[in-house]
Amino acid sequence: MSALRRMSSFLVASALVLTCGSPQAAQFELVILDDPGEGLNDPESRSPVGGNSGTTLGEQRQIVLEAAAARWAQVLDLSVDLQIGASFRELDCEPTSAVLGSAGPGVLVLNFPGAPEADTLYTAAQANTITGQNTLSSEQNHIFTQYNLRLDEGDSDCLGGNSWYYGLDGNPPSGQVPLFPVVLHELAHGLGFLTLVNLETGALPNNFNDAYTLFLRDTDLDKDWTEMSDAERAQSATNNPNVVWTGSAVDEQSGMLTNPGAFNNGLIRMHAPDKLSPGSSISHWTSDANPPLLMEPSLQQGVFNQLDLTPALFEDIGWPMSNGPIFQDRFEQSR
Ligand SMILES: [Zn+2]
């Protein structure tokens, strides 16, 4: 799963807004970017599956996206409605691996009233939640996200013929990939779980730090990413196992991980493989975590509705958090 940073070139034709969650509270709104009859609008008849009551393929897809967004709405203290522009598209798919989805923030904001740090880029989702004002135009969305249509095309050259599982119960049959955790993962990227640094050159976006990058450190170079030159950041991006997250909320929660290899100097490692993987490097936890985490670079067996360390990371970067079920939910395992 990769994080596409800017997807502002998306067409917003024939957008249909659906609401998710209770009517009074601020919530996520699903903005369907697929054409009529396609993707999230696919009219193919389907039997309800695993707690998903949808009776068409498109409806089942919408219900999964809405359910995942509603899960984030429980954890984050939303003050305004936030728009998620979503579609199903043909993404990369090979016999043994596939891009399941991608997402990123539609708009970035800095120096808004109440910004946790000055001269620092935040996702519009976070910034608007802090200010209580939706600053986007009707053509803009807070998050853009896409899911791979090819998994439902019956192509044995795509992930061995695996298809999407649209159930909400965490019990995907063999040969099916659960969409729900993939949406949870992708929405987290769109909410701010990503670096905006150009990892090939190390350059900061428009010479500003972003909220996520403030908490990256290289224990080998002995520097925070904010203290580095561009060349040092580019070097650090492939400097496994030395890139770590320094935020205190994650640090407090990271005792849930049982393997020493997930840590360096006592802090949880980030994904920094020797060969740079744009959209994947740095914007995920290490793939060595045990138990597996939602925000690893690839979907792990058994990960379904758990949020594990992700809310703590949001807390570190200054997201307003709900006082609700966040702590009791962090250690759930689906099976
Ligand atoms: Zn990802």
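Residues numbered from 1 in each chain as written. Predicted model: local features only at pLDDT ≥ 70, side-chain atom pairs only at ≥ 80, totals over all residues. Heavy atoms only, no water.

(A) Quick look at the nonpolar core. Within the largest apolar cluster, 82 residues are counted, with the highest numbers of intra-cluster contacts made by Trp-72, Trp-164, Leu-179, Trp-245, Trp-285, Phe-314 and Trp-319. Element by element, the count of residues in this core is highest for helix α3 (residues 179-191), at eight residues. No fewer than three residues from each of domain 1 (2-191) and domain 2 (205-329) sit in this core. Non-local contacts of Trp-72, meaning those with residues more than four positions away in its chain, are made with Phe-28, Leu-184, Leu-187, Ala-188, Leu-191, Leu-294, Leu-307, Thr-310, Pro-311 and Phe-314. (Core = buried A, V, L, I, M, F, W, Y, C linked by side-chain atoms within 4.5 Å. Buried < 20%, exposed > 50% of the residue type's maximum accessible area, 1.4 Å probe, protein only. Helix = DSSP H or I, 4+ residues; strand = E, 2+ residues; numbered from the N terminus. Domains from an automatic or database assignment. Contact = heavy atoms within 4.5 Å.)

(B) Just the coordination of the zinc ion, in detail. At 2.0 to 2.1 Å from the zinc ion lie its protein donor atoms, namely His-185 (NE2), His-189 (NE2) and His-284 (NE2). Between the donor residues of the zinc ion, the gaps in sequence give the motif H-x3-H-x94-H. With His-189 in helix α3 and His-284 in the loop between β16 (267-268) and α6 (310-316), this residue pair connects regions lying 95 residues apart in the sequence. (Donors = N, O, S within 2.8 Å, 3.2 Å for Na, K, Ca; no water.)

(C) Representation of the sheet that holds strand β12 (residues 216-218). An order of β13-β12-β14 is seen for the three strands of this open sheet, with the pairing classed as antiparallel. Either end of the sheet is taken by a strand with one partner, and the two such strands are β13 (223-224) and β14 (243-245). (Pairing = 2+ DSSP bridges.)

(D) Focus on the state of the cysteines. Here the structure, examined in full by the defined rule, presents one disulfide. The disulfide partner of Cys-93 is Cys-158, and the S-S distance across this bridge is 1.9 Å. Here the S-S torsion is close to 85°, and the disulfide linking Cys-93 with Cys-158 is therefore right-handed. One end of the pair, Cys-93, is in the loop between β4 (82-89) and β5 (101-105); the other, Cys-158, is in the loop between β8 (143-148) and β9 (163-165), and 65 residues separate them in sequence. For Cys-93, a relative accessible area of 9% gives the class buried. (Disulfide = S-S within 2.5 Å.)

(E) Spotlight on the sheet that holds strand β7 (residues 120-123). What the three strands build is an open sheet, ordered β6-β7-β11; its pairing is mixed. For this open sheet the edge positions go to β6 (108-109) and β11 (209-210), each flanked by a neighbour on one side alone. Summarising the sheet, β7 and β11 pair through two bridges and their orientation is parallel. Bridge assignment links Thr-120 to a residue of β11, and that residue is Asn-209. Across the sheet, helix α2 (residues 124-131) is in contact with β6 and β7; its angle to β7 comes to roughly 90°. (Axes fitted to C-alpha atoms, helices over the stretch in contact; angles between N-to-C directions.)

(F) Structural view of the packing of aromatic side chains. Counted under the stated rule, the structure contains ten aromatic pairs. Between Phe-112 and Tyr-122, the ring centres sit 5.4 Å apart and the planes meet at 85°, which makes this aromatic pair edge-to-face. Residue Phe-112 is located in the loop between β6 and β7, and its partner Tyr-122 is located in strand β7; the two are separated by ten residues in the primary sequence. Taking the centre distance of 5.0 Å and the plane angle of 55° together, the rings of Tyr-212 and Trp-245 count as tilted. In this pair, Tyr-212 sits in the loop between β11 and β12 while Trp-245 sits in strand β14, placing the two residues 33 residues apart along the sequence. For the residue pair Tyr-212 and Trp-245, the accessibility class agrees, reading buried in each case. Taking the ring centre of Phe-88 as reference, the NZ or CZ of Arg-61 above it sits at 4.4 Å. (Phe/Tyr/Trp six-rings, centres within 6.5 Å; stacked < 30°, edge-to-face > 60°. Lys NZ or Arg CZ within 6 Å of the ring centre and 35° of its normal.)

(G) Geometry of the environment of Arg-89. Take Arg-89: it is sitting in strand β4. A relative accessible area of 30% means that Arg-89 is categorised as partly exposed. Spatially, the C-alpha atom of Arg-89 lies 6.1 Å from that of Tyr-147, the residues being 58 residues apart in sequence. A distance of 3.2 Å separates the side chain of Arg-89 from the backbone oxygen of Leu-33, its partner in a polar contact. (Polar contact = N/O pair within 3.5 Å; in protein donor to acceptor, adjacent residues only side chain to side chain.)

(H) The arrangement of the pattern of salt bridges in detail. Summed over the entire model, instances satisfying the criterion amount to nine salt bridges. The residue Arg-89 makes a salt bridge to Asp-34 at a minimum N-O spacing of 3.7 Å. Placement of Arg-89 in strand β4 and of Asp-34 in the loop between β3 (28-32) and α1 (57-75) is noted, with a sequence separation of 55 residues between them. Taking the relative accessible area as the measure of exposure, Asp-34 reaches 2% and is therefore buried. Put simply, Arg-217 and Asp-224 hold a salt bridge, and the shortest N to O gap is 2.8 Å. Using a relative accessible area of 22% as the deciding quantity, one classes Asp-224 as partly exposed. Overlapping salt bridges, with partners in common, bring together Arg-217, Asp-222 and Asp-224 in one network. (Salt bridge = Lys/Arg side-chain N within 4 Å of Asp/Glu carboxyl O.)

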